[in-house]
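Summary of the model geometry
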Amino acid sequence: MSYFSRTIKDIISDIDKKNILLPAIQREFVWDTEQIENLFDSLMRGYPIGTFLFWKIDNPQEKGEFYEFIRIYSEKEKTHNLKANLNLDKSIFAVLDGQQRLTSLYIGLLGEFEVKERYKRNYVKKKLYLNLLHKNNTENIEKIYDFRFLSEEEVKKLNNTTEYLWFEVGKILQYNEEKLMRFKYSLEIQDMEKFLLIETNLLRLMNVINKEQVINYYEETNEDLNEVLNIFVRVNSGGTKLSYSDLLLSIATSKWKDNAREKIIELRKDLNEFGFNFDKDFILKSALMLSDIDVKFRLRNFNSDNMRKIEDNWDNIEKYLQLAVELVKLLGFDEKRLSANNAVIPIAYYLYFKKYEKSFLHSDKYTNERKQIREWLVKSLLKRVFSGQSDEVLKVIREAIRNSQSNNFPINEINENVKKINISKSIEFDDDDIEYLLNYSYGKPFAFTILSLIYENIDFSKNIFHIDHIFPKSLKNKKKIFKGLGISEEQIKEIKEKIDLIPNLQLLKGTINQEKNDKNFKDWFNNLPDKEKYKQEHFIPDIELDIKNFLEFFEKRKNLLKSKLKSVLS
């Protein structure tokens, strides 16, 4: 591996000529305008900006997809890199380390950054400028030089003052000593102090961009893709945590006929429109699962044969992931309530294995199977089956589904297989487990999941349900409401501690919950058209529903819920 140094001007020129590109393993550009401004400030101060790692490739078309650098970035659109058209007769340099810094230099010198205007809805394109009249205050630890992204309107407005003379940074690429001299005298500055300040700042900018070899990089010439990927992992391990999916995505991209990266990004977008937050890891893990490949993220699992298998199976992967996610949505889950995204993968595999169609979501024929899937999902989430050893869990679940003799979702077979890995991952519940569930409080991730077990017969696909405090949450703050009720301070404290717990929570349709709001429970209950039906559906004990009886209500409803959970979870 050789070591080289070059000027920023030379590097930017090669980026613009598409001689330097980005491999598919690189993540999206994520820096903001302030980070770019700070980078240029560091350069002007003579600070090192780190080394870079380039991969020289003589036959890039054999090494996968490559992407151009972003020149105009939009905060609104979250601009993606364009795929590069490779010249078969031309070698390239691919950036293995330094993408964010190089993209920032490219945008700062030749591009624009589209940002949302403060207090407004519109977006405006801005270029990087340097204030040539800024006095370099060395006591300012954060910044010495005044770099800012500005619109044309902002530049005109600020240049009318005596404190600013904004110079478009990218223009320095065309400057030499003679042009710099002509520019200085064209300003007709009479104040010698200002004249020297402009000269100093311009000269420093010209030297750091055009003359000084501040880009120091290692050049890797190894053509072995696996070796290069290992290098990439090593050099990126100290920064933002590298997702293996980014690496494996590049291999898939290099071995698919069509572009894997775009397909995976598009599928992720489609799935998340259902109200979830799935990432690329989830998509790739699902692709391995549904293609009957080892689900571990290892380079050897992404060989040519396996990638061909995934590509050939991609239509099914898309179809059954979408079907599974839509089903999970209909069962009452969303991003906040689904505590483990990987729990969706076995459902997708089951639907794929059984070759079910979209009718599975609503047909009465599959009512029992949907209930079983929901029961397994809820129990798995509550028992945290997918926390740790998730690859092994997915493997044995796939085996259970494939080997099951049942015509329904094989809950028992799955549970027995998972228990062989770790007995603690069993979805069986004892009295202590149930007691623990009943002590969950409002706002915690599993509160809705626990309540959904109690209301096992409601149809989450037809209505939106909210978690509601039976006795209003405001009792925690309204001390005067307890006056004259004969409740001791100790009892008031206990009421406040229990008001958010499961025995005082219920599921109500969204419209009913909004109507109930913060009303006194007894008053609201007395206005119901069918009180007995409500009491049965919501496990309301047969006592006087006054605030003074809250603690008795709490304990009696807790016992009712405990019996229900024992029945459901047995």
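Two side chains that carry opposite charge are able to pair once their charged atoms sit near each other. Summed over all chains, the structure comprises 32 salt bridges. For D546, the salt bridge goes to K522, with nearest N and O atoms at 3.0 Å. Residue D546 is found in the loop between α22 (531–538) and α23 (550–569), and its partner K522 is found in helix α21 (residues 521–526); the two are separated by 24 residues along the sequence. In this structure, D542 and K535 form a salt bridge, with 3.1 Å as the shortest nitrogen-oxygen distance. Here D542 falls in the exposed class, since its relative accessible area comes to 69%. The exposure class assigned to K535 is buried, which follows from its relative accessible area of 14%. Through salt bridges that share partners, E416, K419 and E428 make up one connected network.

Another aspect to go through is the nonpolar core. The nonpolar side chains of soluble globular proteins are, as a tendency, buried together. The biggest cluster of nonpolar side chains holds 89 residues, and the ones touching the most others in it are W376 and I502. With residues near it in sequence (within four places) discarded, W376 still touches A343, P346, I347, F386, I397, F409, I411, I414 and I427. Among the nonpolar cores identified, the runner-up in size contains 53 residues, and W31, F54, V169 and L205 belong to it.

Right, let's talk about the environment of K329 for a bit. Positionally, K329 belongs in helix α12 (residues 314–330). With 55 residues separating them along the chain, K329 and F274 place their C-alpha atoms 6.9 Å apart. Residues contacting K329, with those up to four places away along its chain left out, are F274, G275, F276 and D334.

Further remarks concern the environment of R370. Counting through the fold element by element, R370 comes out in helix α14 (residues 367–382). Judged by relative accessible area, which is 13%, R370 ranks as buried. Once the C-alpha coordinates of R370 and F409 are considered, the two residues, 39 residues apart in sequence, prove to be 8.4 Å apart. Those residues in contact with R370, other than ones at most four positions away along the chain, are L327, L331, F360, L361, H362 and S363.

Pairing of strand β1 (residues 2–6) with strand β11 (residues 215–220), which is carried by five bridges, proceeds in the antiparallel orientation. Residue pairing across strands places R6 opposite I215, the latter belonging to β11. Examined bridge by bridge, strand β3 (residues 52–57) and β11 share four bridges and lie parallel to one another. Bridge assignment links F52 to a residue of β11, and that residue is Y217.

Right, let's talk about the pairing of strand β12 (residues 465–469) for a bit. Counting buried positions over the five residues of β12 gives four, a clear majority of the element. Both β12 and strand β13 (residues 505–509) contribute to a ladder of five bridges, which runs antiparallel. Across the sheet, F465 pairs through a bridge with K509, a residue of β13.

Calculation notes
Sequence order sets the numbering: in each chain, residues are counted from 1 along the sequence as written. The predicted nature of this model means local features are confined to residues of pLDDT at least 70 and side-chain atom pairs, given and counted, to a pLDDT of 80 or more, with totals for whole chains, interfaces and linings taken over all residues. Side-chain descriptors were evaluated using all non-hydrogen atoms of the structure, hydrogens and water having been removed beforehand. Should a side-chain nitrogen of Lys or Arg be within 4 Å of a carboxyl oxygen of Asp or Glu, the pair is scored as a salt bridge. Put simply, DSSP marks the helices as runs of H or I at least four residues long and the strands as runs of E at least two long, and each gets a number from the N terminus on. Three labels apply to residues, based on accessible area from a 1.4 Å probe with only protein chains included: buried if under 20% of the type maximum, exposed if over 50%, partly exposed otherwise in between. Residue types Ala, Val, Leu, Ile, Met, Phe, Trp, Tyr and Cys, when buried and joined through side-chain atoms within 4.5 Å, form a set referred to as a nonpolar core. Only heavy atoms enter the contact rule, under which two residues are in contact if any of them lie within 4.5 Å. Two strands pair under a simple rule: DSSP has to find at least two bridges between them.

Keep in mind these numbers describe shape, not what the thing actually does.
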